[in-house]
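Each chain is listed here by its residues.
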Amino acid sequence: MRLAAAELVDTREILPGQWLQSYHAPSLVSGARAGQFVHIRPGDYSGLILRRPFSFNTVDLQTGILTIHFRTIGRGTEWFTRLRSGDAVDMLGPLGRPFEVDPRSSDVLLIAGGLGKAGVRMLADEAIRDGRQVVMLFGAATAADVYPSSLLPDEVEYVVATDDGSLGRHGFVTELVPHYEAWADQAFACGPAPMLAALARLAIGRRQRLGVAKLGRKKGAGRQAPADSPVARRKAFLQVSMEQNMGCAVGACLGCVVMGANGQPQRVCREGPVFAAEELDWGAHW
Ligand SMILES: Cc1cc2nc3c(=O)[nH]c(=O)nc-3n(C[C@H](O)[C@H](O)[C@H](O)COP(=O)(O)OP(=O)(O)OC[C@H]3O[C@@H](n4cnc5c(N)ncnc54)[C@H](O)[C@@H]3O)c2cc1C
Ligand code: FES
(Lines give C-alpha, C1' and ligand atoms only; values in the text may rest on other atoms or scores of the structure.)
(Ligands and ions follow the chains in the order given, each with its own letter.)
Protein backbone atom coordinates (compact mmCIF):
# COMPACT_ATOMS: atom_id res chain seq x y z
CA MET A 1 0.00 0.00 0.00
CA ARG A 2 1.38 3.38 -1.02
CA LEU A 3 0.29 7.00 -0.82
CA ALA A 4 0.66 9.10 -3.95
CA ALA A 5 -0.16 12.53 -5.30
CA ALA A 6 -2.04 11.31 -8.36
CA GLU A 7 -2.30 13.80 -11.20
CA LEU A 8 -5.54 13.91 -13.16
CA VAL A 9 -4.74 13.61 -16.86
CA ASP A 10 -8.20 13.14 -18.34
CA THR A 11 -11.80 13.43 -17.13
CA ARG A 12 -14.89 12.63 -19.19
CA GLU A 13 -18.60 12.14 -18.57
CA ILE A 14 -19.10 8.92 -20.54
CA LEU A 15 -22.77 8.45 -19.62
CA PRO A 16 -25.21 10.75 -17.83
CA GLY A 17 -23.76 11.12 -14.32
CA GLN A 18 -20.99 8.58 -14.95
CA TRP A 19 -17.39 9.67 -15.18
CA LEU A 20 -14.18 8.10 -16.38
CA GLN A 21 -11.06 9.70 -14.93
CA SER A 22 -7.42 8.91 -15.69
CA TYR A 23 -4.72 9.58 -13.12
CA HIS A 24 -0.95 9.41 -13.41
CA ALA A 25 0.18 7.40 -10.38
CA PRO A 26 2.96 4.96 -11.37
CA SER A 27 3.67 3.87 -7.79
CA LEU A 28 0.06 2.70 -7.35
CA VAL A 29 -0.22 1.09 -10.77
CA SER A 30 2.77 -1.19 -10.31
CA GLY A 31 1.59 -4.25 -8.41
CA ALA A 32 -2.14 -3.42 -8.65
CA ARG A 33 -4.39 -6.38 -9.40
CA ALA A 34 -7.96 -6.65 -10.60
CA GLY A 35 -10.43 -6.41 -7.72
CA GLN A 36 -8.31 -4.02 -5.67
CA PHE A 37 -9.20 -0.39 -5.06
CA VAL A 38 -7.84 3.04 -4.30
CA HIS A 39 -8.97 5.36 -1.50
CA ILE A 40 -9.03 8.99 -2.61
CA ARG A 41 -9.14 12.03 -0.35
CA PRO A 42 -11.32 14.90 -1.50
CA GLY A 43 -9.28 18.13 -1.30
CA ASP A 44 -8.97 20.33 1.80
CA TYR A 45 -11.41 22.88 0.38
CA SER A 46 -14.11 20.21 -0.24
CA GLY A 47 -15.21 20.20 3.41
CA LEU A 48 -15.21 16.37 3.34
CA ILE A 49 -13.20 14.34 5.82
CA LEU A 50 -13.47 10.75 4.64
CA ARG A 51 -11.71 9.34 1.63
CA ARG A 52 -13.83 7.67 -1.04
CA PRO A 53 -13.08 4.14 -2.41
CA PHE A 54 -13.02 3.33 -6.14
CA SER A 55 -12.06 0.14 -7.95
CA PHE A 56 -9.12 0.10 -10.30
CA ASN A 57 -11.03 0.24 -13.59
CA THR A 58 -7.93 -0.16 -15.75
CA VAL A 59 -4.19 0.22 -15.25
CA ASP A 60 -1.45 0.84 -17.79
CA LEU A 61 1.98 -0.24 -16.57
CA GLN A 62 3.76 1.51 -19.44
CA THR A 63 2.32 4.95 -18.78
CA GLY A 64 1.66 4.60 -15.04
CA ILE A 65 -1.96 5.63 -15.61
CA LEU A 66 -4.94 4.18 -13.78
CA THR A 67 -8.58 4.90 -14.51
CA ILE A 68 -11.59 5.01 -12.22
CA HIS A 69 -15.20 4.92 -13.40
CA PHE A 70 -17.80 6.28 -11.03
CA ARG A 71 -21.34 7.52 -10.72
CA THR A 72 -22.09 10.82 -8.98
CA ILE A 73 -24.28 10.02 -6.00
CA GLY A 74 -23.18 12.43 -3.29
CA ARG A 75 -20.88 15.27 -2.32
CA GLY A 76 -17.63 13.33 -2.71
CA THR A 77 -18.23 12.05 -6.22
CA GLU A 78 -19.63 15.49 -7.23
CA TRP A 79 -16.42 17.06 -5.95
CA PHE A 80 -14.25 14.75 -8.08
CA THR A 81 -16.11 15.80 -11.23
CA ARG A 82 -14.98 19.39 -10.66
CA LEU A 83 -11.29 18.44 -10.87
CA ARG A 84 -9.44 19.54 -13.99
CA SER A 85 -6.43 18.08 -15.82
CA GLY A 86 -3.26 18.85 -13.90
CA ASP A 87 -4.98 18.78 -10.48
CA ALA A 88 -3.55 16.29 -8.00
CA VAL A 89 -5.39 14.18 -5.43
CA ASP A 90 -4.10 12.23 -2.46
CA MET A 91 -4.57 8.56 -3.37
CA LEU A 92 -3.94 5.47 -1.25
CA GLY A 93 -3.62 2.00 -2.78
CA PRO A 94 -3.64 -0.69 -3.95
CA LEU A 95 -6.02 -1.78 -1.19
CA GLY A 96 -7.90 -5.00 -0.51
CA ARG A 97 -7.54 -8.48 -1.88
CA PRO A 98 -7.78 -9.17 -5.61
CA PHE A 99 -9.69 -11.70 -7.71
CA GLU A 100 -7.95 -15.07 -7.86
CA VAL A 101 -8.13 -16.85 -11.21
CA ASP A 102 -7.33 -20.55 -11.28
CA PRO A 103 -4.44 -21.14 -13.74
CA ARG A 104 -6.54 -23.92 -15.34
CA SER A 105 -9.51 -21.65 -16.11
CA SER A 106 -9.66 -20.88 -19.80
CA ASP A 107 -13.24 -19.52 -19.99
CA VAL A 108 -14.01 -16.66 -17.67
CA LEU A 109 -17.45 -15.15 -17.03
CA LEU A 110 -17.63 -11.57 -15.72
CA ILE A 111 -20.99 -10.41 -14.38
CA ALA A 112 -21.59 -6.75 -13.64
CA GLY A 113 -24.58 -4.79 -12.45
CA GLY A 114 -24.45 -1.03 -13.03
CA LEU A 115 -21.27 0.53 -11.62
CA GLY A 116 -20.19 -2.98 -10.65
CA LYS A 117 -18.73 -2.92 -14.14
CA ALA A 118 -15.80 -0.95 -12.74
CA GLY A 119 -15.17 -3.74 -10.24
CA VAL A 120 -14.58 -6.40 -12.93
CA ARG A 121 -13.32 -4.29 -15.87
CA MET A 122 -9.62 -4.74 -15.07
CA LEU A 123 -10.07 -8.50 -14.78
CA ALA A 124 -11.07 -8.54 -18.47
CA ASP A 125 -7.66 -7.08 -19.36
CA GLU A 126 -5.79 -9.52 -17.12
CA ALA A 127 -7.70 -12.54 -18.43
CA ILE A 128 -7.15 -11.58 -22.07
CA ARG A 129 -3.46 -10.97 -21.40
CA ASP A 130 -3.30 -14.50 -19.96
CA GLY A 131 -4.96 -16.02 -23.05
CA ARG A 132 -8.41 -16.69 -21.60
CA GLN A 133 -11.81 -16.31 -23.28
CA VAL A 134 -13.93 -13.62 -21.65
CA VAL A 135 -17.69 -13.08 -21.65
CA MET A 136 -18.99 -10.03 -19.80
CA LEU A 137 -22.66 -9.99 -18.80
CA PHE A 138 -23.80 -6.49 -17.97
CA GLY A 139 -27.06 -5.38 -16.45
CA ALA A 140 -28.47 -1.86 -16.28
CA ALA A 141 -31.83 -0.25 -15.58
CA THR A 142 -32.17 1.17 -19.08
CA ALA A 143 -30.28 1.73 -22.38
CA ALA A 144 -29.00 5.15 -21.27
CA ASP A 145 -27.00 3.46 -18.48
CA VAL A 146 -25.33 0.83 -20.65
CA TYR A 147 -21.55 0.97 -20.63
CA PRO A 148 -20.30 1.51 -24.21
CA SER A 149 -18.79 -1.57 -25.82
CA SER A 150 -16.19 0.71 -27.47
CA LEU A 151 -14.54 1.06 -24.03
CA LEU A 152 -14.03 -2.69 -23.72
CA PRO A 153 -11.29 -4.77 -25.34
CA ASP A 154 -12.38 -6.23 -28.71
CA GLU A 155 -11.78 -9.75 -27.41
CA VAL A 156 -14.57 -9.49 -24.83
CA GLU A 157 -17.96 -10.95 -25.76
CA TYR A 158 -20.31 -8.36 -24.28
CA VAL A 159 -23.89 -9.33 -23.48
CA VAL A 160 -26.33 -6.75 -22.14
CA ALA A 161 -29.60 -6.98 -20.23
CA THR A 162 -31.78 -4.03 -19.27
CA ASP A 163 -34.56 -4.03 -16.69
CA ASP A 164 -36.93 -2.21 -19.09
CA GLY A 165 -35.88 -4.11 -22.23
CA SER A 166 -34.71 -0.93 -24.01
CA LEU A 167 -31.42 -2.63 -24.98
CA GLY A 168 -30.32 -6.24 -25.05
CA ARG A 169 -32.26 -8.87 -23.20
CA HIS A 170 -35.32 -7.75 -21.24
CA GLY A 171 -34.76 -8.62 -17.57
CA PHE A 172 -32.09 -8.93 -14.93
CA VAL A 173 -28.51 -9.79 -15.77
CA THR A 174 -28.76 -12.81 -13.45
CA GLU A 175 -31.21 -14.36 -15.94
CA LEU A 176 -28.40 -14.55 -18.52
CA VAL A 177 -26.11 -16.56 -16.27
CA PRO A 178 -27.69 -20.04 -16.79
CA HIS A 179 -26.82 -19.74 -20.52
CA TYR A 180 -23.11 -19.49 -19.66
CA GLU A 181 -22.72 -21.58 -16.52
CA ALA A 182 -21.72 -24.72 -18.43
CA TRP A 183 -19.23 -22.81 -20.57
CA ALA A 184 -17.53 -20.91 -17.76
CA ASP A 185 -14.73 -22.35 -15.67
CA GLN A 186 -15.07 -19.51 -13.20
CA ALA A 187 -17.27 -16.45 -12.68
CA PHE A 188 -16.46 -13.07 -11.12
CA ALA A 189 -19.11 -10.54 -10.20
CA CYS A 190 -19.61 -7.04 -8.86
CA GLY A 191 -22.84 -5.13 -8.41
CA PRO A 192 -25.69 -4.51 -5.98
CA ALA A 193 -25.87 -6.91 -3.01
CA PRO A 194 -29.22 -8.51 -4.11
CA MET A 195 -27.66 -9.34 -7.49
CA LEU A 196 -24.64 -10.93 -5.82
CA ALA A 197 -26.90 -12.89 -3.46
CA ALA A 198 -28.89 -14.22 -6.44
CA LEU A 199 -25.64 -15.26 -8.14
CA ALA A 200 -24.43 -16.98 -4.98
CA ARG A 201 -27.65 -19.05 -4.95
CA LEU A 202 -27.16 -19.96 -8.62
CA ALA A 203 -23.56 -20.99 -7.98
CA ILE A 204 -24.58 -23.32 -5.15
CA GLY A 205 -26.90 -25.25 -7.48
CA ARG A 206 -24.55 -25.23 -10.48
CA ARG A 207 -22.42 -28.23 -9.63
CA GLN A 208 -25.54 -30.35 -9.10
CA ARG A 209 -27.21 -29.11 -12.29
CA LEU A 210 -24.18 -29.74 -14.46
CA GLY A 211 -22.63 -32.64 -12.59
CA VAL A 212 -19.20 -31.03 -12.94
CA ALA A 213 -16.12 -31.88 -10.96
CA LYS A 214 -14.87 -29.32 -8.47
CA LEU A 215 -11.65 -27.59 -9.45
CA GLY A 216 -8.77 -28.68 -7.29
CA ARG A 217 -7.41 -31.75 -5.62
CA LYS A 218 -9.48 -34.73 -4.54
CA LYS A 219 -11.26 -34.31 -1.24
CA GLY A 220 -9.00 -35.38 1.57
CA ALA A 221 -5.83 -35.18 -0.51
CA GLY A 222 -3.24 -33.06 1.21
CA ARG A 223 -3.86 -30.17 3.59
CA GLN A 224 -7.05 -28.10 3.23
CA ALA A 225 -6.35 -24.44 2.54
CA PRO A 226 -8.15 -21.98 4.89
CA ALA A 227 -11.43 -20.79 3.31
CA ASP A 228 -10.25 -17.18 2.91
CA SER A 229 -6.83 -18.03 1.46
CA PRO A 230 -5.95 -17.16 -2.15
CA VAL A 231 -5.61 -20.91 -2.84
CA ALA A 232 -9.16 -21.67 -1.65
CA ARG A 233 -10.61 -18.65 -3.45
CA ARG A 234 -8.87 -19.69 -6.67
CA LYS A 235 -10.86 -22.95 -6.57
CA ALA A 236 -14.23 -21.25 -6.11
CA PHE A 237 -16.54 -21.08 -9.13
CA LEU A 238 -17.90 -17.66 -8.12
CA GLN A 239 -15.98 -14.77 -6.58
CA VAL A 240 -17.77 -11.54 -5.73
CA SER A 241 -16.48 -8.03 -5.11
CA MET A 242 -18.46 -6.32 -2.33
CA GLU A 243 -19.06 -2.57 -2.06
CA GLN A 244 -19.84 -1.38 1.46
CA ASN A 245 -19.67 2.15 2.85
CA MET A 246 -16.14 2.62 4.11
CA GLY A 247 -14.43 4.70 6.74
CA CYS A 248 -10.74 3.95 7.08
CA ALA A 249 -10.31 1.24 4.36
CA VAL A 250 -7.36 -0.20 6.28
CA GLY A 251 -9.15 -2.52 8.70
CA ALA A 252 -9.34 -0.28 11.77
CA CYS A 253 -12.87 1.15 12.07
CA LEU A 254 -15.04 -1.95 11.34
CA GLY A 255 -17.35 0.28 9.33
CA CYS A 256 -17.42 -2.05 6.35
CA VAL A 257 -18.18 -5.50 7.75
CA VAL A 258 -20.31 -8.19 6.16
CA MET A 259 -21.12 -11.50 7.83
CA GLY A 260 -19.06 -14.55 6.99
CA ALA A 261 -20.54 -18.02 6.54
CA ASN A 262 -18.38 -19.00 9.53
CA GLY A 263 -20.32 -16.54 11.72
CA GLN A 264 -17.40 -14.13 11.89
CA PRO A 265 -17.68 -10.52 10.63
CA GLN A 266 -15.51 -9.92 7.58
CA ARG A 267 -14.02 -6.51 6.80
CA VAL A 268 -14.66 -5.70 3.16
CA CYS A 269 -11.58 -3.47 3.06
CA ARG A 270 -9.18 -6.13 4.42
CA GLU A 271 -10.57 -9.65 3.99
CA GLY A 272 -12.29 -8.39 0.79
CA PRO A 273 -13.51 -6.66 -1.24
CA VAL A 274 -13.27 -9.95 -3.16
CA PHE A 275 -14.66 -13.07 -1.50
CA ALA A 276 -15.52 -16.55 -2.70
CA ALA A 277 -19.34 -16.56 -2.71
CA GLU A 278 -19.45 -19.43 -0.24
CA GLU A 279 -17.43 -17.45 2.32
CA LEU A 280 -20.34 -15.09 3.02
CA ASP A 281 -23.64 -15.47 4.85
CA TRP A 282 -26.06 -14.17 2.22
CA GLY A 283 -29.03 -14.34 4.59
CA ALA A 284 -27.48 -11.88 7.04
CA HIS A 285 -28.53 -8.23 6.98
CA TRP A 286 -25.48 -6.05 6.33
C1 LIG B 1 -14.19 -1.29 -2.56
C2 LIG B 1 -15.14 -0.29 -3.19
C3 LIG B 1 -14.99 0.03 -4.52
C4 LIG B 1 -15.85 0.96 -5.11
N5 LIG B 1 -15.68 1.24 -6.43
C6 LIG B 1 -16.53 2.09 -7.02
C7 LIG B 1 -16.38 2.39 -8.40
O8 LIG B 1 -15.46 1.89 -9.06
N9 LIG B 1 -17.27 3.26 -8.97
C10 LIG B 1 -18.29 3.84 -8.23
O11 LIG B 1 -19.09 4.61 -8.79
N12 LIG B 1 -18.43 3.58 -6.94
C13 LIG B 1 -17.58 2.73 -6.32
N14 LIG B 1 -17.73 2.49 -4.99
C15 LIG B 1 -18.75 3.23 -4.25
C16 LIG B 1 -18.22 4.65 -3.99
O17 LIG B 1 -17.13 4.58 -3.11
C18 LIG B 1 -19.30 5.53 -3.39
O19 LIG B 1 -20.30 5.71 -4.36
C20 LIG B 1 -18.75 6.88 -3.01
O21 LIG B 1 -17.85 6.77 -1.94
C22 LIG B 1 -19.88 7.82 -2.63
O23 LIG B 1 -19.30 9.04 -2.21
P24 LIG B 1 -20.17 10.37 -2.19
O25 LIG B 1 -19.50 11.31 -1.27
O26 LIG B 1 -20.44 10.85 -3.57
O27 LIG B 1 -21.55 9.90 -1.60
P28 LIG B 1 -21.99 9.98 -0.10
O29 LIG B 1 -22.52 11.35 0.16
O30 LIG B 1 -20.94 9.43 0.80
O31 LIG B 1 -23.18 8.95 -0.15
C32 LIG B 1 -24.32 9.17 -0.97
C33 LIG B 1 -25.20 7.95 -0.89
O34 LIG B 1 -24.50 6.81 -1.41
C35 LIG B 1 -24.41 5.78 -0.42
N36 LIG B 1 -23.09 5.16 -0.51
C37 LIG B 1 -21.92 5.72 -0.17
N38 LIG B 1 -20.90 4.84 -0.34
C39 LIG B 1 -21.47 3.72 -0.81
C40 LIG B 1 -20.98 2.43 -1.14
N41 LIG B 1 -19.70 2.10 -1.02
N42 LIG B 1 -21.85 1.52 -1.59
C43 LIG B 1 -23.16 1.80 -1.67
N44 LIG B 1 -23.68 2.99 -1.36
C45 LIG B 1 -22.86 3.92 -0.92
C46 LIG B 1 -24.61 6.49 0.90
O47 LIG B 1 -25.13 5.61 1.89
C48 LIG B 1 -25.59 7.57 0.52
O49 LIG B 1 -26.91 7.09 0.48
C50 LIG B 1 -16.89 1.57 -4.35
C51 LIG B 1 -17.01 1.26 -3.01
C52 LIG B 1 -16.17 0.33 -2.44
C53 LIG B 1 -16.33 -0.01 -0.99
S1 FES C 1 -13.45 0.66 6.34
FE2 FES C 1 -12.56 0.70 8.32
S3 FES C 1 -12.40 -1.46 8.77
FE4 FES C 1 -13.04 -1.42 6.71
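Residues numbered from 1 in each chain as written. Chains lettered and ligands numbered in written order. Predicted model: local features only at pLDDT ≥ 70, side-chain atom pairs only at ≥ 80, totals over all residues. Heavy atoms only, no water.

### A closer look at the nonpolar core
As a reminder, the rule being used: We call a set of buried residues a nonpolar core when its members are Ala, Val, Leu, Ile, Met, Phe, Trp, Tyr or Cys and they connect through side-chain atoms within 4.5 Å of each other. Summary of the burial criterion: residues with accessible area below 20% of their type's maximum are buried, those above 50% are exposed, and those between are partly exposed, where the area comes from a 1.4 Å probe applied to protein chains only. Secondary structure elements follow DSSP: runs of H or I no shorter than four residues count as helices, runs of E no shorter than two count as strands, and numbering proceeds from the N terminus. A contact between two residues is defined here by any heavy atoms of the two lying within 4.5 Å.
One finds Tyr23, Leu66, Met91 and Leu110 to be the most contacted residues of the largest nonpolar core, which totals 49 residues. For this core, the element with the most residues is helix 3 (residues 116-129), which contributes 6 residues. Once residues lying within four places of it in the same chain are set aside, the contact partners of Met91 are Arg2, Leu3, Ala4, Ala6, Tyr23, Leu28, Val38, His39, Ile40, Arg51 and Leu66. With 34 residues, the next largest nonpolar core counts Leu92, Ile111, Ala184 and Leu199 among its residues.

### Looking at helix 3
Burial analysis of helix 3 places 12 of its 14 residues in the buried class, the great majority of the element. Taken as a whole, helix 3 has its buried residues at Gly116, Lys117, Ala118, Gly119, Val120, Arg121, Met122, Leu123, Ala124, Glu126, Ala127 and Ile128. Considering only its buried residues, helix 3 is in contact with strand 4 (52-55), strand 5 (58-60), strand 6 (65-71), strand 8 (107-113), strand 9 (133-140) and strand 12 (186-190). Gly131 occupies a position one or two residues after helix 3 and carries a positive phi of about 80°.

### Remarks on the pattern of salt bridges
How we decide: The term salt bridge refers to a side-chain nitrogen of Lys or Arg lying within 4 Å of a carboxyl oxygen of Asp or Glu.
In this structure the tally under the stated criterion is 12 salt bridges. The closest approach of N and O atoms between Asp102 and Arg104, which form a salt bridge, is 3.0 Å. Notably, a salt bridge pairs Glu271 with Arg267, separated by 2.6 Å at the nearest N-O pair. With a relative accessible area of 23%, Arg267 lands in the partly exposed category. Sharing partners across several salt bridges, the network here consists of Arg41, Asp44, Arg51 and Asp90.

### Structural notes on the site of ligand 1
Cut-off, in case you're wondering: One heavy atom suffices: a residue is near a molecule or strand as soon as one of its heavy atoms comes within 4 Å of it. For the purposes of these results, a polar contact is taken to be a pair of N or O atoms within 3.5 Å, where, inside protein, one atom must be able to donate a hydrogen and its partner to accept one; residues adjacent in sequence count only when each atom of the pair is a side-chain atom. Values of accessible area rely on a 1.4 Å probe in the Shrake-Rupley scheme; residue burial ignores everything except the protein chains shown.
Around ligand 1, the surrounding shell holds 19 residues, and the nearest of these are Arg52, Pro53, Gly76, Thr77 and Asn245. Measuring from a nitrogen atom of ligand 1, one finds a backbone N or O atom of Ser55 at 3.0 Å. Arg71 places a main-chain nitrogen or oxygen 3.0 Å from an oxygen atom of ligand 1. In isolation ligand 1 has 880 Å² of accessible area, and contact with the protein removes 74% of it. Elements represented by at least two residues in the shell around ligand 1 include exactly strand 4, strand 6 and helix 2 (75-81).

Just distances and angles here, no functional claims.
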